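# Results of the structural survey
Each chain, letter by letter, is given below.
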Amino acid sequence: MRNPRAFLRPLAVGAPAPVAEVPFRPSRMIHFFDPSNEKMAAKVPDIAAKVDIILGNLEDAVKTEKKEAARLGLVEIAKQTDFGDTQLWVRVNSLDSPWVLDDLTTLVTEIGDKLDVIMVPKVEGAQDIHYVDRLLAQLEAKGNVQKPLLVHAILETALGVTNVEEIAAASPRMQGISLGPADLAASRRMKTTRVGGGHPGYLVRQDPTGEDLHEGRTTYQQDLWHYTIARMVDACAANDILPFYGPFGDIKDVVACEDQFRNAFLLGCVGAWSLHPVQIDIAKKVFSPSKEDVEHAKTVVEAMGDGSGAVMINGKMEDDASCKQCLVMLDLARELAERDPELKELYDL
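Small disclaimer: the values here were computed from a predicted structure and weren't measured.

Calculation criteria
- Residues numbered from 1 in each chain as written.
- Predicted model: local features only at pLDDT ≥ 70, side-chain atom pairs only at ≥ 80, totals over all residues.
- Heavy atoms only, no water.
- Axes fitted to C-alpha atoms, helices over the stretch in contact; angles between N-to-C directions.
- Helix = DSSP H or I, 4+ residues; strand = E, 2+ residues; numbered from the N terminus.
- Left-handed = near helix turned anticlockwise from the far one by under 90°.
- Contact = heavy atoms within 4.5 Å.
- Nonpolar A, V, L, I, M, F, W, Y, C, P; charged D, E, K, R; others polar.
- Buried < 20%, exposed > 50% of the residue type's maximum accessible area, 1.4 Å probe, protein only.
- Pairing = 2+ DSSP bridges.
- Right-handed = clockwise from strand over helix to strand, strands pointing away.
- Salt bridge = Lys/Arg side-chain N within 4 Å of Asp/Glu carboxyl O.
- Core = buried A, V, L, I, M, F, W, Y, C linked by side-chain atoms within 4.5 Å.

### As for the packing of helix 3 (residues 100-111) against helix 4 (residues 126-143)
- Between helix 3 and helix 4, the least distance of the axes is 9 Å, while the angle of their chain directions is 40 degrees. Crossing handedness for the pair helix 3 and helix 4: right-handed. Counting all contacts with helix 3, which are made through L101, L104, T105, V108 and T109, the residues of helix 4 involved are Y131, L135, L136, L139, E140, K142 and G143.
- Class assignment for the residues of the contact of helix 3 with helix 4 results in seven nonpolar, three polar and two charged.

### Thoughts on unusual backbone geometry
- Unusually for a residue other than glycine, K122 sits at a positive phi of about 55 degrees.
- Here K122 lies in the loop between strand 4 (117-120) and helix 4.
- Positive phi outside glycine occurs at R189, with the angle close to 60 degrees.
- Locating R189 in the fold gives a position in the loop between helix 7 (181-188) and strand 7 (203-205).

### Some thoughts on the pairing of strand 4
- Here strand 4 shows no split at all, with V117 and M119 on one side and I118 and V120 on the other all buried.
- Examined bridge by bridge, strand 4 and strand 5 (residues 150-155) share four bridges and lie parallel to one another. Pairing of V120 across the sheet is with A153, part of strand 5.
- Since strand 4 and strand 5 lie parallel, the crossover through helix 4 that links them has a hand, and here it is right-handed.

### Quick word on the pattern of salt bridges
- Summed over all chains, the structure comprises 16 salt bridges.
- With a shortest N-O distance of 2.9 Å, K79 and E110 are connected by a salt bridge. With a gap of 31 residues between them, K79 in helix 2 (residues 67-80) and E110 in helix 3 connect regions that are remote in the sequence.
- When its relative accessible area of 43% is taken as the criterion, E110 is described as partly exposed.
- Connected via shared salt-bridge partners are E59, D60, R91, K122 and D183.

### With respect to the nonpolar core
- Within the largest apolar cluster, 85 residues are counted, with the highest numbers of intra-cluster contacts made by I54, L107, I118, I177, F261 and F287.
- With seven residues, helix 12 (residues 320-339) is the largest single contributor of residues to this core.
- Those residues in contact with L107, other than ones at most four positions away along the chain, are L58, R71, L74, V75, V90, V92, G112 and L115.
- Counting 13 residues, the second largest nonpolar core, distinct from the first, contains W89, L150, V270 and W273.

Structure representation (structure tokens):
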């Protein structure tokens, strides 16, 4: 472990100093694209204007023979595109792959000042973050990068879940963590082939009301990912970094996608991945507080004054804990309103 006083010192001579606090910008969706796909690449400027985060994917969705093309394609796109307020991220290949070293070396030295966050897949412990941390500092110094790159880990192995707290605390570069449900399901030997979302076989059944144990008993589908998301959210909150839901693979099932995103939002996630343009609007809707929630939060905060004591509003008790909850809602609404004129008008902030 590093001396706490040294935690915020650069890990290489000439590298920028690490950030003391993770900057929060609207992060409702991380929209993935394949830089080796010419049709997708051509749409990047238009899509970037609609999303909070756009991510060049170099990992699993890119065929082996396209790895180099994807890497070089992202360099070209980054150099030619003005992303404005939209964050540019990259998901590099896993640390046990033959491509990741070239990914990091090329991207940091070529477009380090355009990138905001490096997403690292299949992180299993603090040691993975420490490796990336030191390497990024060396490459930032070599490429004369002026701002430190942040790191986002994907939680997609059983060992990663076991070590999620130490991963979240491993480096001042840590920006956040995403749930990776498909790889995690395989790692856990879960018997589902779905990418995110629920499963109709994972349920509880209402107790029998008579002698018949089979007829008329209602079933309730459960959430396979509740435990993992809640644990990830706690680890992130304890270390002042940001939790994200990952992919929802059934693109056509927009209803279930919205439900899963909303579950994650209510549990504390700030955003989710979008794999198709149809999921952009779902994430934007779900991870933005409703007008009613913002109005209620305003009412509570105004009634509470300095936040102490307790008041009754519409038959419900509101106290200092209620006020803190409402301040979380209002802080998010203000952040989103600064970027989105429609939300600014809707929230009247």
